Structures are given as C-alpha cells and as structure tokens.
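Descriptive structure summary
Residue strings, one per chain:
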Amino acid sequence: MSGLFSALGSVWAWIEYTFDPFCGPVGLFTLLAGDGIVSCGATGWGDEVALGVKVTITLAVITLPLGLALGFMIALAMQSEEKSLRSAAGIYTTIFRGLPELLTLFIVYYGFQMLIQTMLSWFGSDQRVEINAFFAGMLALSVVFSSYCSEVLLSAFRAIPKGQYEAGSAVGLSRRKTMWLVVVPQLIRIALPGLGNLWMNLLKDTALVSVIGLSDILRQTGVAAKVSKEAFFFYALACGLYLALATLSSVGINAIARWSNRSGASR
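Below you will find a few notes about this structure. (Residues numbered from 1 in each chain as written. Predicted model: local features only at pLDDT ≥ 70, side-chain atom pairs only at ≥ 80, totals over all residues. Heavy atoms only, no water.)

1. Here we look at the pattern of salt bridges
As enumerated under the stated definition, the model contains one salt bridge in all. As a salt-bridge pair, Arg97 and Glu151 come within 3.6 Å of each other at their nearest N and O atoms. On the criterion of sequence distance, the pair formed by Arg97 in helix α4 (residues 83–98) and Glu151 in helix α6 (residues 133–159) is long-range, its members being 54 residues apart. Assessed through its relative accessible area of 36%, Arg97 is described here as partly exposed. (Salt bridge = Lys/Arg side-chain N within 4 Å of Asp/Glu carboxyl O. Helix = DSSP H or I, 4+ residues; strand = E, 2+ residues; numbered from the N terminus. Buried < 20%, exposed > 50% of the residue type's maximum accessible area, 1.4 Å probe, protein only.)

2. Side note on a nonpolar patch on the surface
Together, Phe112, Leu115, Met119, Trp122, Phe123 and Phe135 give the surface a local cluster of nonpolar side chains, amounting to about 710 Å² of exposed area. Secondary-structure assignment places Met119 in helix α5 (residues 101–122). (Patch = residues over 30% accessible without salt bridge, like charges linked within 9 Å, V, L, I, M, F, W, Y side chains within 5 Å. Areas by Shrake-Rupley, 256 points an atom, 1.4 Å probe, with all protein chains shown as cover.)

3. As for the packing of aromatic side chains
All told, the structure shown has five aromatic pairs when counted by the stated rule. Pairing Phe72 with Phe157 gives two aromatic rings, centres 5.9 Å apart and planes at 45°, and the pair type is tilted. Placement of Phe72 in helix α3 (residues 46–78) and of Phe157 in helix α6 is noted, with a sequence separation of 85 residues between them. You can call Phe157 buried: its relative accessible area is 3%. Relative to Tyr110, the ring of Phe106 has its centre 5.9 Å away and its plane inclined at 45°; by these criteria the two rings are tilted. On the criterion of helical spacing, the pair formed by Phe106 and Tyr110 is a turn pair, its members being four residues apart in helix α5. The class for Tyr110 is partly exposed, based on a relative accessible area of 42%. Among the aromatic residues, those joined into a cluster by ring pairs are Phe106, Tyr109 and Tyr110. (Phe/Tyr/Trp six-rings, centres within 6.5 Å; stacked < 30°, edge-to-face > 60°.)

4. Examining the environment of Thr221
In this structure, Thr221 sits in helix α9 (residues 217–228). Taking C-alpha positions, Thr221 is 10.0 Å from Ala50, a pair spaced 171 residues apart along the chain. Apart from residues lying up to four places away in sequence, Thr221 is in contact with Val49, Phe234 and Ala238. Looking at Thr221, its side chain comes within polar contact range of the main-chain oxygen of Ile217, at 2.7 Å. (Contact = heavy atoms within 4.5 Å. Polar contact = N/O pair within 3.5 Å; in protein donor to acceptor, adjacent residues only side chain to side chain.)

5. Some points on the side chain of Ser210
Take Ser210: it is sitting in the loop between α8 (175–205) and α9. Under the relative-accessibility criterion, Ser210 is labelled buried at 13%. At 2.8 Å, the side chain of Ser210 and the backbone oxygen of Ala207 are in polar contact. Setting aside residues up to four positions removed in sequence, Ser210 forms contacts with Asp216, Leu218 and Arg219.

Set out below in structure tokens:
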C-alpha cells in the first residue's frame, strides 16, 4: 500500500511540475526569466513568487464558498419573521462592515490564540498555542466577505416578487424546493454583479494576510524586493500578478453572467 501511495505521489509531483504555469517546462518564468532574478531554482525568486500566487489563489477560492454560505444564511436571517434573528444578523453585519479588515484579521489571529491559551490555563496547562496563519486569514476574510455578501443577497431577495414564492406553492413545491428551484436561480442572476465586485475585493484583501506571516504574493515579492534591492521591479511584478488574476476573474464572471441569463426572455 505504501508503494502505491509513493507512486501516486510521484505521478502527482510530475503533473504539478509539468503544468505549473510559472516554473514548469513551459512556465512563464521558465520561458521569459532565463537566469534573471525571477528565474526558477536557486538563482532566482521565481519559485517563491509562484508559491505566493498559489497561496493567494487557494486562500481566495476557499474563502469564497464559506463567505457565500455564511452570507446566504445571514440574508435569510435578516428577512426572517423572528425579530431576534433579524437583530443578531443586523449586529453581525454592522460590526464586520464597520471594522477595518486588518483589525478583524488581528482580532481573529491573536484573539483566538489568547482564548485558547486562557481555556488551557483553566486546566493547568501553560502550553503556548499559535493559530495557523492560513486558517486565521481564511476565517477573518470569510466573516468580512459574508457581512457584505449578505447585504447584496438581501437586496436580490427583495427584488424577487413575492408571487414567485406563491407560484411555487401553487404547483405543489415545498418551501425548500421553491427556494432552490425557483428563487435561487433568479437570486444568482440578480446578485451576480455585486458578488463579482466582492470577489474582486476578496482577491485584493488576501494581501492583508502577509502581515501575519502567510506567504502570499505581497509577502513573497516584498521579501524578494528587500533581499535583491529591486523593490520597483518586484512590486511592479506583484501589481501585474494581481491585475492578471482580476482579468481572469472578470472573464469568469462574464461567463457565469451569460450562463445565468441564457434562459431569460429575449427582449
């Protein structure tokens, strides 16, 4: 069994190297950098910058569904008939839309460590606890994203006529099926422009995690800039990478918009 896992690991490593868009055989840095400061290997910073891009994309992609799910539940709570749910959701969005994202990150990263250490001290343990920077960044960005996402989704909910719910009930659909088969498809179409803007903001906000030691694009290019004394070059490279990610995101969002509108009535 260990031999099988070893073989699978070797295959995956080969696939990862072959299709690496930066340091693979036909990667960007491999083809264009040559033996320069962004070449891959021991002579350049290509590997480090490529790692930063992967961390940034991974963090944003994992945060997105968590933030969407949490924002969806908060939007449902904000239009609930239960006053306590509406109040709790309103307090949540007010807090995390009002606090700077960097402060939220510090509260999550350092506050959770203090909370866990306090709980351990109650059991007589003096062990030092340090929260994973990736987890802290994902959690902080998720709550911030969800607070804005809930407002976008709430506006989309209110744009859907009440008759849609009644129509679903009239044809025998349960409340849950009416939500997923009738309301949610319209919700995606209406909320997509706002959610697209939030995704762009999320991509940029991932740069904040560099302050807690996570090796994202900004941290990796910042280290390279200090060591190589080529600050302008590496920060310009970081700008180019973020703009490239934003451009690819715009293409993807436009494709989703066309898909969501293809069943709409032609005008």
